[in-house]
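# Overview (structure and organization)
Single-letter residue listing:
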Amino acid sequence: MHSTAAVSEPPPRQIGARARRIEDPRLLRGRGRFVADVELPGLLHGAFVRSPHAHALVRTIDVDDALRTPGVVAVLTARDLARTLTTLRMPLGFPTSALPPDITPFVLAPEEVCFVGEAVALVIATSRYTAEDGAAAVFVDYEPLPAVADCRDALEPTSPKVRREAADNVLTKFNLSYGDCADAFRHAAHVFREELHQHRGGAHPIEGRGIVANFDAQADALSVWSSTQMSHELQFTIAEMLGLSEQSVHVVAPDVGGGFGAKYLVYPEEVAIAAASRLLGRPVKWIEDRAEHFVSAIQERDQYWDVEIAADAQGRILGVRGRMIHDQGAYTPQGINCAYNAATAVTGPYVVPNYELDVFVAQTNKVFTIPVRGAGYPEGTFTMERLLDRVAHELQLDRALVRERNLVPASAMPYVKPLRNRAGHPITLDSGDYLACQQKVLEVIDYAGFAARQRRAREEGRHIGLGFAHAVKGTGRGPFESANVKIGPSGRITVSTGAMAMGQGLATALAQIAAEALGTDIDAIDVVSGDTAAISMGIGGFASRQTVTAGSSVLLAAREVNEKARKVAAQMLEVSVDDLVVRDGRVEVRGVPQMSVPLTRIARLLRGIAGYDLPKGVGAGLEATVFWEPEAMAYANAFHACEVEVDPATGGVTLLRYVAMQDSGTLVNPSIVEGQVHGGIVHGIGNALFEYMRYDDDAQPISTTFADYLLPTSTEIPHLEVLFMESPSATNPLGVKGVGEVGTIPVTSAVASAVDDALRDYGVRIAAVPIDPVRLVELIDRGDRRRSPAQTAR
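Residues numbered from 1 in each chain as written. Predicted model: local features only at pLDDT ≥ 70, side-chain atom pairs only at ≥ 80, totals over all residues. Heavy atoms only, no water.

In terms of regular secondary structure, the chain is built from 20 helices and 31 strands. Scaling as 2.2 N^0.38, a compact globule of 794 residues should have a C-alpha radius of gyration of about 28 Å, and the chain matches this with 28 Å. Taken over 794 residues, the chain has a buried fraction of 60%. Residue pairs in contact within the chain that sit at least 24 positions apart in sequence constitute 80% of those at least 6 positions apart. Carbon and sulfur atoms make up 51% of the accessible area of the chain, which amounts to about 30,100 Å² in all. One way to put it: in the chain the 76 positive side-chain charges average out to a point 3 Å from where the 96 negative ones average out. (Helix = DSSP H or I, 4+ residues; strand = E, 2+ residues; numbered from the N terminus. Rg over C-alpha atoms; globule rule 2.2 N^0.38 Å. Buried < 20%, exposed > 50% of the residue type's maximum accessible area, 1.4 Å probe, protein only. Contact = heavy atoms within 4.5 Å. Areas by Shrake-Rupley, 256 points an atom, 1.4 Å probe, with all protein chains shown as cover. Lys, Arg positive; Asp, Glu negative; His and termini not counted. Charge placed at Lys NZ, Arg CZ, Asp CG, Glu CD.)

In structure tokens form, the structure reads like this:
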């Protein structure tokens, strides 16, 4: 006899679906809550007095006129904050014994300022306007000292010291090497040298930094709202510096309007505002304005490279060697990961038998540098891609062929390099088909037909060029990320995580992962991130890590909840656990959906009833917490190609077309991934053509508005064509790889290659980014003005 019972459908797939972002309705209706929106009774406002000097001694600070300003409540200096802080010096992020002591910035500078924008005093008032008036009334007696603006000059023995306490201006130096470069270069058929420069630039999220701190003296507890990428680290740091227990400091990151690396740091301003609230017994708010962001938020680079490549007659790499100087700025708040990442990223997706690089991390009288989106990888990539274009040019070989001959083949995966990441683990390219990515993009952009298009353009007096570049980046850095998945008696599913939402769609992605494991739709799930009260530990958002790490934690925690619910239901229904499936808020017998138990009932049972036993074999609560630890990084890759047109008269560069292929493994939500790749490309275009944080010879910043520091806008961006290859990573249970930074990494290299190609008649070669129109005209004027199409191969 055949059963007539309804057969249940399998739970819906959520991973891979183009689900609409669950964050958007609230934000689009103006219901977002950013740190500037936090209002508390008795709220005071802070404004910082910042140094106008790149280097100077602080002789005296006269606050009398400021205190007489109506509405000013207090003016705090380093001496005042020392009464409530355990130390005036910030702790070192990413601590290592390889770095000297006393290299971090001060909460407020006590005796010496070492860059323009360093804070020396904090004015607290009843409004931000009044606080600014008070700050203008503070008189600081400075004794100017010589400043160092160029990291190359900083290495000279006669250079003035950036800080009086430092032995010299070399923070550290290190060598990365393997193989035998000397022998490879000695026997190479060809050796070519390049001197390259990658500019200093900022992150510039649409929302700057900001913090509200409210100290409750009766409870000896502090509540903090901060636009940060690292809530738990901010909690631990503030607790340490104010001498409080971690449990008495509660940090919430409300809606965060972008980060791009600028907020993955505990800043002196955050500690100062927290200390001010404790001293005054009232809540205090500080919201960074754009002028402050230009001079006091972190930046990335400069880097100067002097490198050589050895190649055989067919263009195969025999070795790369050279020297790189990295500008660290005046202090080191967070180690030397940017310089180290750049140095280890040079070999990228290529087989490089021999490698040697000497790295000098130099201190200058500028704001400190840590990674911005890409974290050193764009610089290392630019170095290798420029060298490969040089090999192709000199040997009259096709640029694509040179890359094809040097790429790590798919058959060699996983490919272990003779280099280690900064955690000490071997760099292992886990999966991917780099050549297939290249071939597909070149097909889509019609590389084979470009020579004919270029000739026709030349006949019309137009200079167009096509360029391309590879990139590879390690994603999913550890040591862990946290997730708690909980089903309450209401039936709502809550995912809490130490990962950080910054506008990238994190809540949607984590909801999709949990929904698939629990057989439901994402509308049934609430995601809480950036709240230290929701989960005890977390690392936060950086290094394209969160889908890998937090996603894996959510998946495993949701699976545990699924298993727990089925164990309870099995006892209630008197069936085998293996016969049960969780679907649409119920645990049902597979194939017999009318035999089921609601998750709400299971959640109430596991909440516990006083005096009665829990179901056997399961603990209290329909929830699970996982701190998933990656054993290896997942390496995402990209290949980009673009067409440009250059106006030789003005040096203007126009992007005509842009095609990008990215392999980020399994795609949780392709729509979100596309948006992340678009954002990465646009960020890279800014680095390639527009963004340059300029300083004069006295280390005075001279591009401190968006009239001088240019960002790309919609009129400069062509239609972006994004393609995907999915090679799942075996390094995590989702098979995912990071997304957010990879799209940025090859952009400067691809654009530089395209500009080279457009101006081959003039013999122009791009060695620095951003590509400055004035400098480009100078190169054109110096060039060999051949008016017939160049005969050298692409």
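If you walk through the whole model with that rule in mind, you get zero disulfides. Cys-338 carries a free sulfur, and the closest cysteine sulfur to it, the one in Cys-151, is 12 Å from it. According to the relative accessible area criterion, Cys-338 is buried, its value standing at 3%. We note that Cys-642 lacks a disulfide partner, and the nearest cysteine sulfur, in Cys-437, lies 17 Å from it. Of the residues examined, Cys-642 reaches a relative accessible area of 0% and is grouped as buried. (Disulfide = S-S within 2.5 Å.)

Attention now moves to the packing of helix H7 (residues 231-242) against helix H8 (residues 268-280). As a packed pair, H7 and H8 sit with axes 10 Å apart at the nearest point and diverge in direction by 50°. Put simply, H7 runs oblique to H8. In this structure, the crossing between H7 and H8 has a hand that is right-handed. Residue-level inspection shows Leu-234, Ile-238, Met-241 and Leu-242 of H7 in contact with H8, the latter providing Glu-270, Val-271, Ala-274, Ala-275 and Arg-278. For the contact of H7 with H8, the per-class residue count stands at seven nonpolar, no polar and two charged. (Axes fitted to C-alpha atoms, helices over the stretch in contact; angles between N-to-C directions. Parallel < 35°, antiparallel > 145°, perpendicular 65-115°, else oblique. Left-handed = near helix turned anticlockwise from the far one by under 90°. Nonpolar A, V, L, I, M, F, W, Y, C, P; charged D, E, K, R; others polar.)

Time to look at the layout of surface pockets. Computed from the structure, the second largest pocket encloses a volume of approximately 1,100 Å³. Lining the second largest pocket are 50 residues, and of these Phe-94, Pro-95, Arg-422, Gly-478 and Phe-542 sit closest to its centre. Secondary structure elements with two or more residues in the lining of the second largest pocket: strand E7 (170-178), H7, helix H10 (337-345) and strand E19 (426-429). The element contributing the most residues to the lining of the second largest pocket is E7, with five residues. (1 Å grid on protein atoms, 1.4 Å probe; cavity = no way out; pocket = protein on both sides within 12 Å on 5 of 7 lines; lining within 4 Å. Points joined across faces, edges and corners; volume = space filled by probe spheres on them.)

Here we take up the sheet that holds strand E23 (residues 525-529). An order of E23-E22-E21-E27 is seen for the four strands of this open sheet, with the pairing classed as mixed. Looking at strand neighbours, the two that pair on one side only are E23 and strand E27 (623-628), the edges of this open sheet. Strand after strand, the sheet turns through a mean of 15° between neighbouring axes, direction not considered. In this sheet, E23 lies alongside strand E22 (residues 493-497) in parallel orientation, the contact comprising five bridges. Across the sheet, Thr-497 pairs through a bridge with Ser-529, a residue of E23. (Pairing = 2+ DSSP bridges.)

The next point concerns empty space enclosed by the protein. Empty space left among the atoms is revealed by rolling a probe the size of a water molecule over them. Inspection of the entire model under this criterion finds six cavities of 30 Å³ or more. A volume near 110 Å³ is recorded for the largest cavity. Taken together, 15 residues make up the lining of the largest cavity; nearest its centre are Phe-115, Glu-118, Ala-119, Pro-268 and Glu-269. Of the residues assigned to the lining of the largest cavity, the class counts are ten nonpolar, two polar and three charged. The space that makes up the second largest cavity amounts to roughly 80 Å³. Thr-344, Ala-345, Thr-347, Gly-348, Tyr-377, Lys-417, Ile-427, Leu-429, Val-472 and Tyr-635 are the residues that line the second largest cavity. Every element with two or more residues in the lining of the second largest cavity is listed here: H10 and E19.

Right, let's get into the nonpolar core. Soluble globular proteins tend to pack their nonpolar side chains together in the buried interior. Counting 82 residues, the largest nonpolar core has Val-320, Tyr-355, Val-644, Val-751, Val-755 and Leu-776 as its most contacted members. Those residues in contact with Tyr-355 that sit more than four places away from it in its chain are Leu-176, Ser-177, Tyr-178, Cys-181, Val-320, Ala-343, Val-346, Thr-347 and Leu-419. (Core = buried A, V, L, I, M, F, W, Y, C linked by side-chain atoms within 4.5 Å.)

A word on the packing of aromatic side chains. Following the criterion strictly, the structure yields 13 aromatic pairs and no others. Aromatic pair Tyr-178 and Tyr-355: ring centres 6.0 Å apart, planes at 40°, arrangement tilted. On the criterion of sequence distance, the pair formed by Tyr-178 in strand E7 and Tyr-355 in strand E17 (residues 355-363) is long-range, its members being 177 residues apart. Its relative accessible area of 12% is what places Tyr-178 among the buried residues. Note on Phe-294 and Phe-706: the rings are 5.3 Å apart at their centroids and 65° apart in plane angle, and the pair reads as edge-to-face. With Phe-294 in helix H9 (residues 290-296) and Phe-706 in the loop between helix H18 (670-690) and strand E30 (720-724), this pair connects stretches of sequence that are 412 residues apart. (Phe/Tyr/Trp six-rings, centres within 6.5 Å; stacked < 30°, edge-to-face > 60°.)

It is worth spelling out the side chain of His-326 at this point. Mapping His-326 onto the fold places it in strand E16 (residues 317-329). Non-local contacts of His-326, meaning those with residues more than four positions away in its chain, are made with Cys-151, Arg-301, Asp-302, Gln-303, Cys-338, Ala-339, Phe-360, Val-361, Ala-362 and Thr-369.

This paragraph deals with the environment of Ser-223. Tracing the chain through its elements places Ser-223 in strand E11 (residues 221-226). The class of Ser-223 is partly exposed, set by a relative accessible area of 26%. On a C-alpha basis, the gap between Ser-223 and Lys-263 in space is 19 Å, while along the polypeptide they are 40 residues apart. Excluding its chain neighbours within four sequence positions, the residues that come into contact with Ser-223 are Val-212, Ala-213, Asn-214 and His-250.

Moving on: the sheet that holds strand E24 (residues 580-583). Sheet architecture is open: three strands sit in the order E24-E25-E26, paired in antiparallel fashion. A single partner strand is all that each edge strand has here, and the edge strands are E24 and strand E26 (592-598). Neighbour-to-neighbour, the strand axes of the sheet open up by a mean angle of 35°, direction not taken into account. Lying on the sheet, helix H16 (residues 546-573) is in contact with E24, strand E25 (586-589) and E26; it crosses E24 at an angle near 120°.

This paragraph deals with helix H17 (residues 599-607). Considered for burial, the residues of H17 that qualify are Leu-599, Ile-602, Ala-603 and Leu-606. With its buried residues spanning 100° around the axis, H17 presents them on a single face. Where H17 is buried, its residues meet strand E21 (481-487), H16, E24, E25 and E26. Positive backbone phi, approximately 95°, marks Gly-608, located one or two places after H17. (Arc of directions from axis to C-beta.)

What follows concerns the environment of Asp-521. With respect to the helices, strands and loops of the structure, Asp-521 is situated in the loop between helix H15 (506-518) and E23. Since its relative accessible area comes to 36%, Asp-521 is described here as partly exposed. Spatially, the C-alpha atoms of Asp-521 and Ala-511 are 8.5 Å apart, while their sequence positions differ by ten residues.

Moving on to the pattern of salt bridges. Under the counting rule described, the total for this entry stands at 56 salt bridges. For Glu-112, the salt bridge goes to Arg-164, with nearest N and O atoms at 3.8 Å. Remark: Arg-164 occurs in the loop between helix H5 (151-154) and E7 and Glu-112 occurs in strand E4 (residues 112-113); sequence separation between them is 52 residues. Its relative accessible area of 45% is what places Arg-164 among the partly exposed residues. The structure contains a network of salt bridges with shared partners spanning Glu-194, Glu-385, Arg-386, Asp-389, Arg-390, Glu-394, Arg-403, Asp-756 and Arg-765. (Salt bridge = Lys/Arg side-chain N within 4 Å of Asp/Glu carboxyl O.)

Right, let's get into the pairing of E26. As defined by bridge partners, E25 adjoins E26 across four bridges and the pair is classed as antiparallel. Following the sheet pairing, Val-589 is matched in E26 by Val-592.

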